[in-house]
Amino acid sequence: MRRDDDDMLEGVSSRLITPVFIGRRAQLASLEAAYAAVRHGEPATVLLGGEAGVGKSRLAAEFAGRVRAQGGRVLIGGCLELGADGLPFAPFTAVIRDLVRHDGAAAVIGLLGGRAGEIGRLLPDLARAEPEPAQTAGSAADTYPGEGRGRLFEQMLTLFEQLSAGGPVVLVVEDLHWADHSTRDLLSFLVSNQRVLPGALIIGTFRSDELHRTHPLRPLLAELARLAWVERAELPRLTRRETAELLASSLGREVEPERLDSVFARSEGNPLFAEELLCCGDELPDSLRDLVLGRVQRLPPATQDVLRIAGAAGDCAGYALLSAVSGLSDGDLESALRPAVAANVLVASPDGYAFRHALIREAMYEDLLPGERSRVHAGFAKAITADESLAAGRPSIQLAHHWYAAHDLAQALAAAWKAAAEANRVFAYAEQLSMLSRVLELWDEVPDAAQRVGTSHDQLLEKAARVAHLLGEQERTRAFISAALREIDPAADPGRAALLLEIRGRSSPDPEDGIADLHNALALVTGDDQQRERAVVLATLALRLCKTPAVACARPAAEQALQLAEAAGDAATQASALSTLAMLGPDGRPSDLDVELEMLARARAAAAQAGDYHLMLRTAINESHVLEGAGQHERAAQVARDGIAEAARYGLARTQGTFLAINLAEPLYSLGRWEESVEVIERALDLSAPTATRASLFQLAGLIALARGQADAACRAADTAARLRTGERYQAQHHLPTATLQIELLIAQRRYREALDAALELIRRYDLQASPRYAWPVMVAAARAAAEAAGAPAAARAESPAEAVAELLAALATEAAKLGAEGPDRRAHQLTYAAEVLRARRPEAPEGRAGPAGEAAAWEQAAAAWEAVGEPYPLAAALFRSAEAALASGSDKDEAGRKLRRAAEIAAGLGAHPLGEMAAQLARRARIPMGEARAGASPATGGLTTRELDVLALVAARDEQRADRQRAVHLAEEASVYVSNIMSKLGVASRGEAAAAARDRGLLDMT
Ligand SMILES: Nc1ncnc2c1ncn2[C@@H]1O[C@H](COP(=O)(O)OP(=O)(O)OP(=O)(O)O)[C@@H](O)[C@H]1O
Ligand SMILES: [Mg+2]
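Residues numbered from 1 in each chain as written. Chains lettered and ligands numbered in written order. Predicted model: local features only at pLDDT ≥ 70, side-chain atom pairs only at ≥ 80, totals over all residues. Heavy atoms only, no water.

Caption draft 1: Looking closely at the overall build of the protein chain. Each helix and strand counted, the protein chain has 51 helices and eight strands in total. Within the protein chain, buried positions represent 55% of all 1007 residues. A separation of at least 24 residues holds for 69% of the contacts in the protein chain among residues at least 6 apart in sequence. Total accessible area on the protein chain is roughly 42300 Å²; 52% of this is exposed by carbon and sulfur atoms. (Helix = DSSP H or I, 4+ residues; strand = E, 2+ residues; numbered from the N terminus. Buried < 20%, exposed > 50% of the residue type's maximum accessible area, 1.4 Å probe, protein only. Contact = heavy atoms within 4.5 Å. Areas by Shrake-Rupley, 256 points an atom, 1.4 Å probe, with all protein chains shown as cover.)

Caption draft 2: Structural context of the site of ligand 1. Inspection of the region around ligand 1 gives 21 residues, with Lys56, Ser57, Arg58, Glu275 and His357 positioned closest. In this structure, an oxygen atom belonging to ligand 1 sits 2.6 Å away from a side-chain N or O atom of Glu275. Burial of ligand 1 by the protein chains amounts to 96% of its free accessible area of 630 Å². Of all the secondary-structure elements, those providing two or more residues to the shell around ligand 1 are α3 (56-69) and α13 (271-279). For the shell around ligand 1, a count of residues per class yields eight nonpolar, five polar and eight charged. (Near = heavy atom within 4 Å. Polar contact = N/O pair within 3.5 Å; in protein donor to acceptor, adjacent residues only side chain to side chain. Nonpolar A, V, L, I, M, F, W, Y, C, P; charged D, E, K, R; others polar.)

Caption draft 3: Spotlight on the sheet that holds strand β3 (residues 169-174). Strand order in the open sheet made by the five strands is β2-β3-β4-β1-β5, with parallel pairing throughout. Sheet topology places β2 (73-78) and β5 (230-234) at the edges, where each strand pairs with a single neighbour. Mean inter-strand twist for the sheet, computed between neighbouring axes without regard to direction, equals 15 degrees. Of the strand pairs in this sheet, β2 and β3 are connected by six bridges, and their pairing is parallel. In the strand pairing of β3, Gly78 is matched with Glu174. Of the strands in this sheet, β1 (44-50), β3, β4 (200-207) and β5 are in contact with helix α2 (residues 25-39), which crosses β4 at around 150 degrees. Against the sheet, helix α4 (residues 90-103) contacts β2 and β3, and its axis sits at roughly 140 degrees relative to β2. (Pairing = 2+ DSSP bridges. Axes fitted to C-alpha atoms, helices over the stretch in contact; angles between N-to-C directions.)

Caption draft 4: Main features of the packing of helix α26 (residues 494-507) against helix α28 (residues 531-545). Across the interface, α26 lies against α28 with an axial gap of 9 Å and an inter-helix angle of 15 degrees. Looking at the two axes, α26 sits roughly parallel to α28. For the pair α26 and α28, the crossing hand works out as left-handed. Contacts between α26 and α28 involve Gly495, Ala498, Leu499, Glu502, Gly505 and Arg506 from the first element and Arg532, Glu533, Val536, Val537, Thr540 and Arg544 from the second. Split by residue class, the contact of α26 with α28 holds four nonpolar, three polar and five charged. (Parallel < 35°, antiparallel > 145°, perpendicular 65-115°, else oblique. Left-handed = near helix turned anticlockwise from the far one by under 90°.)

Caption draft 5: Summary view of the nonpolar core. Phe92, Leu126, Phe160, Leu171, Leu190, Leu307 and Leu322 are the most contacted members of the largest nonpolar core, which totals 162 residues. When neighbours within four sequence positions are excluded, Leu307 is seen to be in contact with Val296, Leu299, Ala340, Val345, Leu346, Phe355 and Met364. Ranked by size, the runner-up nonpolar core spans 66 residues in total, among them Ala661, Ala684, Leu700 and Ile906. (Core = buried A, V, L, I, M, F, W, Y, C linked by side-chain atoms within 4.5 Å.)

Caption draft 6: Spatial organisation of the pattern of salt bridges. The full count for this structure, using the stated rule, is 44 salt bridges. We note a salt bridge from Arg308 to Asp367, for which the minimum N-O separation is 3.2 Å. Of the two residues, Arg308 sits in helix α15 (residues 301-312) while Asp367 sits in the loop between α18 (358-366) and α19 (370-386), which places them 59 residues apart along the sequence. Judged by relative accessible area, Asp367 falls into the partly exposed class, the value being 26%. Among the ionic contacts, a cluster of salt bridges with common partners joins Glu744, Arg784, Glu788, Glu836, Arg839, Arg842, Glu855, Arg881 and Glu884. (Salt bridge = Lys/Arg side-chain N within 4 Å of Asp/Glu carboxyl O.)

Caption draft 7: Helix α33 (residues 633-649), seen in detail. Helix length check: α33, at 17 residues, gives a terminal C-alpha distance of 24 Å against a target of 24 Å (1.5 Å per residue), a fit within 8%. Those residues of α33 that fall on the buried side of the exposure criterion are His633, Ala636, Ala637, Val639, Ala640, Gly643, Glu646 and Ala647. (Expected span 1.5 Å × (residues − 1).)

Caption draft 8: Summary view of the side chain of Thr738. One can find Thr738 in helix α38 (residues 732-748). Here Thr738 is in contact with Gln699, Ala721, Ala722 and Arg725, once residues within four sequence places are set aside.

Caption draft 9: Spatial organisation of unusual backbone geometry. Located in the positive-phi region is Arg24, a residue other than glycine, with phi close to 60 degrees. In this fold, Arg24 is placed in the loop between α1 (3-9) and α2. Although it is not a glycine, Arg750 sits at a positive phi angle of roughly 60 degrees. The topology assignment puts Arg750 in the loop between α38 and α39 (752-765). Exposure remark for Arg750: the relative accessible area of 60% places this residue in the exposed category.

Caption draft 10: Quick look at the packing of aromatic side chains. Scanning the entire structure with this criterion turns up seven aromatic pairs. Ring centres 6.1 Å apart and planes at 90 degrees place the aromatic pair Tyr35 and Phe63 in the edge-to-face group. Separated by 28 residues along the polypeptide, Tyr35 in helix α2 and Phe63 in helix α3 bring together distant segments of the chain. Across the pair, exposure class does not vary: Tyr35 and Phe63 are buried alike. An aromatic cluster of at least three residues, connected via ring pairs, comprises Phe89, Phe153 and Phe189. Lying across the ring of Tyr365, Arg373 places its NZ or CZ 4.8 Å from the centre. In this arrangement the basic side chain of Arg438 is found over the ring face of Tyr404, its NZ or CZ atom lying 3.5 Å from the centre. (Phe/Tyr/Trp six-rings, centres within 6.5 Å; stacked < 30°, edge-to-face > 60°. Lys NZ or Arg CZ within 6 Å of the ring centre and 35° of its normal.)

Caption draft 11: Main features of the environment of Leu562. With respect to the helices and strands, Leu562 occurs in helix α29 (residues 554-568). Residue classification places Leu562 among the buried positions, given a relative accessible area of 10%. Excluding anything up to four places from it in sequence, Leu562 contacts Gln574, Ala577, Leu578, Leu581 and Arg602.

Caption draft 12: Spatial organisation of the confidence of the model for the protein chain. Counting all residues, the mean pLDDT for the protein chain is 83, and 84% of those residues have values of 70 or more. A low-confidence stretch, residues 955-977 stays under pLDDT 50, and its non-local contacts, those more than four residues away or across chains, total 30 contacts. (pLDDT = per-residue confidence, 0-100.)

Caption draft 13: Highlighting the packing of α15 against helix α16 (residues 319-326). Direction vectors running N to C along α15 and α16 enclose 115 degrees, while the axes themselves pass 10 Å from each other. Classified by the angle their axes make, α15 and α16 are roughly perpendicular. Both α15 and α16 take part in a crossing whose hand is right-handed. Note on element contacts: α16 touches α15 through Leu322, Val325 and Ser326, opposite Val306, Ile309 and Ala310. By residue class, the composition of the contact of α15 with α16 is five nonpolar, one polar and no charged.

Caption draft 14: The arrangement of helix α45 (residues 872-888) in detail. Over its 17 residues, α45 runs 24 Å from end to end, which matches the ideal 24 Å to within 8%, given 1.5 Å per residue. Along α45, 13 of the 17 residues are buried, which leaves the element largely enclosed by surrounding structure. Positive phi shows up at Gly890, right after α45, with a value of about 75 degrees.

Caption draft 15: Here's a closer look at the environment of Gln609. With respect to the helices, strands and loops of the structure, Gln609 is situated in helix α31 (residues 593-610). Separated by 38 residues in the primary sequence, Gln609 and Ala571 have C-alpha atoms spaced 6.5 Å apart.

Dropping the structure here:
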């Protein structure tokens, strides 16, 4: 509350009409339950909907009182109804302002680690209170705008995290139906990240009756409802009995039955209506608006005048501002307001005066005649212009609102322009765009528009295009650019026209259209002084070409971009070109990991030099991608992990960070660290990753669930992945893994015919040759489908006839003959594929021909290859198949037994139950004792598995034969998965110690 209000309100009661809180026991109980959950460290959010006046705020206030009584902290911020001019982040600004008011700026800055940071942009007072004001405060947000906004979000998270670390906190965001775009984004971010906010309960309220079909809150509610800890509740109207209670409590006595009947009939249990009806005595007007006005009409005329003015101020008006606009002296204003407070029309709030209910404000505002309305808005605008401190929030945005509503177009235009700049400063790009659109809208009405805002129409269009691009609003981006291009003479300013075409080319949904724009742009920038622009266009062209059949043209474009960018000293474009080149691999030679990594390191350095975090993270993404492709799972995981930490630092945890989560979860899956992989996936999904990213995450989760025998979970994940991919343009790295998973699922469900058909359809539809990395897993899954179908019991075989199997195998053979298999990972897939093909052919192998024996050998080779790249799951599967084929060929049972035991043991370690079960069944059938396998993990071995013992033997060997460097290097790559396990099991800190301990305990003799 502003200081002067305190004195003024002395002696005036501002009690609510109904002092007693009625009913709502179930709702309170569920809020209490959510509060109990957060106190146990679990996330919880309650989204409370209900019609206007039904009692959402009252319920929240009642609950807040209970929390405070239990020693918890409650922070409340409300969204403001300013229509399209919504004050960005309004409720959060209010919450921080309250915090500063109660705890002091120093304490809040302390929570933020000593810096007001980007939050200082929302609350300049906070920035000014910094011990040493930051250099960057107030700097243009334009440079790398996404990052600043991301940082703001992360800092808000930090703030609530720190607050809740000191005790339970309840954050109430009221009236979300009026939330501005930025507030919705931030709320979604906080709720999605609630796992890191133990002890913080988030409550959002909104009018559910205002959510029309295209209301922007709808998608947010739907998105949040997917999170397990988000509960959505709808507050019902009061029952007849509760309404009676409400009336009795208001009147201080029982209400007569006829009165109750009439009030209940008209209010239908809506407490606000009921209260209003009660005030109106016997006259019962039809609409609520009339009800409200009826009550106000009994107030003195001077009070009514001020109320109408206050109604135009928006949600809340400061005392000084009202005084300035009404032209009343302090004393006169005080006497004018007193009856409104007494009649419960206004309540004093910390920031000035607020209407007790927004409906009352709406009614007051609508009661202004149109001419009066403009006059009052102009009054507000003039008062704020004269003294900006009168506007509690950011003055320029309020000015834009009032001048526009006052129909002063010239002022409105200038104010919107300033408000756009202000919105940009707080990273509120959506609001910036809406203000820029307002400037565009008013442009033709204001004769000297260009002078007023100091920019030309085409520059304005260009700015709007860039902001829209930043927001990811591709369609609007292209519309603004097209409009700007119509006004720009490319001959006069070819560089600028080319850069605009570049953005349009980058944001076009159709690669061909995009590429056409980029070619047109290139034709514009041929001069010696346009080489930098040329470089920018070429770099984007290369990037887009990568995703088209004309991928061969990408390399020359990227190379030329690189060369020109180097000459022009444009580090960002160098980074982009290098990054693309690295992904294309060395020219004309087989892919060479070292060369690719070297290029990426250069890309990274250039991106760092340019200070472009997006590009830096793009190189991290590419680096982990190529490492994983080369079978270097450990290194891939490390790069991705570091990248995720970096993304979080730049406030890009949700976008780039979750993309990197795919690149971390994937190597973890390969390494058999499924628990960790699932954790990474879940965390990224919690962050509401973008659609395409979520699809990949679900696909990986499905793979793990399938291997673990969780068929339902696997199906759900696969369905979700496929659904999220609907409508997405084909990309090998997206579609092939999703399709692979679907084939594997069909096999697991013994739907062989469908698996065969799906595989065949996939091979016919997509160009597998273009992407061996993602094609090989498809080949393996398809061959497996053939093998399973061929080996199925006769009944099942009837549905998947030999012809279908043969047809698929023939198609596969054609592909396999051409498909490159560079690097250990692809090689391992290729060997597995070959073994699966032999397995598929086994039933038709003529008697006497050594089919199974050859197959057993093929599987053995595959196993060795998987062992070399350190992928335990396919290794175990290959061992199992090898044993199976060996037993079928009637060869040595001991050898098969050893393989089976090892397969079972690895499967048990991974939790790969179906594979473990198959191994156990085969062992039973072949009367192979499996008990011994368990001994591998017995206490005598220090809990080490057979495989770990193998590795340990090698470690020891290396220890003894230091000269054998080659072997040691190879070993280091291969065994690192196991070594850390070994060290922790043996309780030692180094490989040397592990070897020594193993020798001491005699473990090495056991292998
Ligand atoms: N359970 C209750 N007990 C007593 N009074 C109540 C109760 N619920 C609501 N009221 C009264 O009804 C009126 C409207 O309630 P409130 O302002 O909480 O509605 P709301 O749902 O927040 O409306 P809006 O959507 O407009 O924000 C208030 O005066 C409030 O005190
Ligand atoms: Mg409310």
